[in-house]
Amino acid sequence: MTKFGHLNRRLLLASAVGFGLVAGAGAAVADAVKVAAIYTLPVEQQWISRIHTALNAAAERGEVEYVFSENVANSDYERVMREYAEQGSQLIVGEVFGLERAARKVAKDYPETGFLMGSSFGPVAPNFSVFDNWIHEPSYLSGMVAGAATESNVIGMVGGYAIPEVNRLMHAFMDGAREVNPEVTFLVNFIDSWYDPPKAKESAFAMMDAGADVMYAERFGVSDAAVERGVKAIGNVIDTSADYPGTILASALWHMEATIDKAVANVAAGSFEASDYGQYSFMGYGGGSLVLDETLVSAEVVESVRAKETEIMDGMFRVNVNDARPVSDN
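Attention here is on the structure that accompanies the text.

What counts, and at which threshold
- The residue numbers shown here count from 1 along each chain, following its written sequence.
- Given that this is a predicted model, residues contribute local features only at a pLDDT of at least 70 and side-chain atom pairs are listed and counted only at 80 or more, while totals for whole chains, interfaces and linings are drawn from all residues.
- Only hydrogens and water are removed before side-chain values are computed, so all heavy atoms of the structure are retained for them.
- Paired strands, in this sense, are two strands between which DSSP finds at least two bridges.
- Secondary structure follows DSSP: runs of H or I at least 4 residues long count as helices, runs of E at least 2 residues long count as strands, and numbering of each begins at the N terminus.
- Axis definition: a line fitted to C-alpha atoms, over the contacting stretch in the case of helices. Angles run 0 to 180 degrees between N-to-C directions.
- A contact between two residues is defined here by any heavy atoms of the two lying within 4.5 Å.
- Burial classification: accessible surface area is computed with a 1.4 Å probe over protein chains only, and a residue below 20% of its type maximum counts as buried, one above 50% as exposed, and the rest as partly exposed.
- Definition of a polar contact: a pair of N or O atoms within 3.5 Å, with one able to donate and the other able to accept a hydrogen when the atoms are protein atoms, and with sequence-neighbouring residues admitted only if both atoms are side-chain atoms.
- Here the angle decides the label: under 35 degrees means roughly parallel, over 145 means roughly antiparallel, 65 to 115 means roughly perpendicular, and every other value means oblique.
- Crossings are sorted by hand: turned counterclockwise from the far helix by less than a right angle, the near helix makes the crossing left-handed, and turned clockwise it makes it right-handed.

1. Some words on the sheet that holds strand 7 (residues 128–131)
And then number 1: Pairing within the open sheet is parallel, and its 5 strands lie in the order 4-3-5-6-7. Of all strands in the sheet, those bounded by a partner on one side alone are strand 4 (64–69) and strand 7. Taken over all neighbouring pairs, the strand axes of this sheet differ in orientation by 20° on average, direction set aside.
And then number 2: In this sheet, strand 7 lies alongside strand 6 (residues 114–118) in parallel orientation, the contact comprising 4 bridges. What sits directly across from G118, in strand 7, is F131.
And then number 3: Relative to strand 7, helix 3 (residues 100–109) is tilted by about 140°, and along the sheet it contacts strand 6 and strand 7.
And then number 4: Lying on the sheet, helix 8 (residues 257–269) is in contact with strand 3 (33–38), strand 4, strand 5 (91–95), strand 6 and strand 7; it crosses strand 5 at an angle near 155°.

2. Quick word on the side chain of Q46
And then number 1: As for its placement among the helices and strands, Q46 is situated in helix 1 (residues 46–60).
And then number 2: Residue classification places Q46 among the buried positions, given a relative accessible area of 2%.
And then number 3: Polar contacts involving the side chain of Q46 include one to the main-chain carbonyl oxygen of E218, which spans 2.9 Å.

3. Remarks on the packing of helix 4 (residues 136–149) against helix 9 (residues 299–313)
Packed helices, taken two at a time, are described by the angle between their axes plus the distance between the axes.
And then number 1: Close contact between helix 4 and helix 9 brings their axes to 10 Å; oriented N to C, the two are set at 160°. The pairing of helix 4 with helix 9 is recorded here as roughly antiparallel in orientation. For the element pair helix 4 and helix 9, the recorded crossing hand is right-handed. Counting all contacts with helix 4, which are made through E137, Y140, L141, M144, V145 and A148, the residues of helix 9 involved are V301, S304, V305, K308, E309 and I312.

4. Quick word on unusual backbone geometry
And then number 1: The amide bond that connects A125 to the next residue, P126, takes the cis arrangement and shows omega of 5°.
And then number 2: Mapped onto the secondary structure, P126 falls in the loop between strand 6 and strand 7.
And then number 3: Phi at N153 is positive, roughly 65°, even though this residue is not glycine.
And then number 4: In this structure, V237 is a non-glycine residue whose phi angle is positive, near 80°.
And then number 5: Structurally, the position occupied by V237 is in strand 11 (residues 232–237).

The structure is reproduced here in structure tokens:
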């Protein structure tokens, strides 16, 4: 058991030996970048799962040795960052939305270690880089699908916290819905939790009782409510359509691979420095995409959405970024 054994965590390594830990992931790769990730929630959680998936893919290619800790409390986060840095991690990845100052202090103390953190703020030299899930573009497209689908002209939206990273996706979704349906109105609520499916579900039920017939499922639990009431839903970050067949009209997906691959390549080349990696979540870099169920969405709407998608990819349409807290129309 390593010094991280006191944490609720799992390990994945791309080589046979890394950080003093044994893994069955294949032959040792001498030049693999040593990457550690620190997550405040389980790796199954939608946002975190995107980072975890991208790092697993890099590990399977032999490009990184990957270890991670999950369910790390904010009060433990700084300590775990320091432990991984002391263990020789070349790149530490995570999210520091609730502990910006502490995380930046750690990075300053380990200038030879690269840090790539989900953050609401900017990078700081020499080694603290930031990223975010800038999937406002596919969110706009998913809004177009929702605006065309609603018959009551009421769409419900359940979010986690009203932070810029969530707000901008909601506003983009709302703008897309209004493009195709100027009469649409929105019910908006934040449950003040990143993972509380029962609370999200109850919030969704309340919106359906108020007339919502399409739900924006920013949090887990909303789609479960949609299934029970027989209304449609729009997914966020991951594709859950297989789990909710006949319910998910479309989803705005986040792909973290472009961000991770760029950061790992920079570390390997010895050129990693403080930078904002947010652009790598844009559709043009392959960091975001829209998936929709053409068995549930009319051919006319699909054509309209794909045409707008082409405009975005060609640089002919720019989705507005609005970080303000969205509010209900009613």
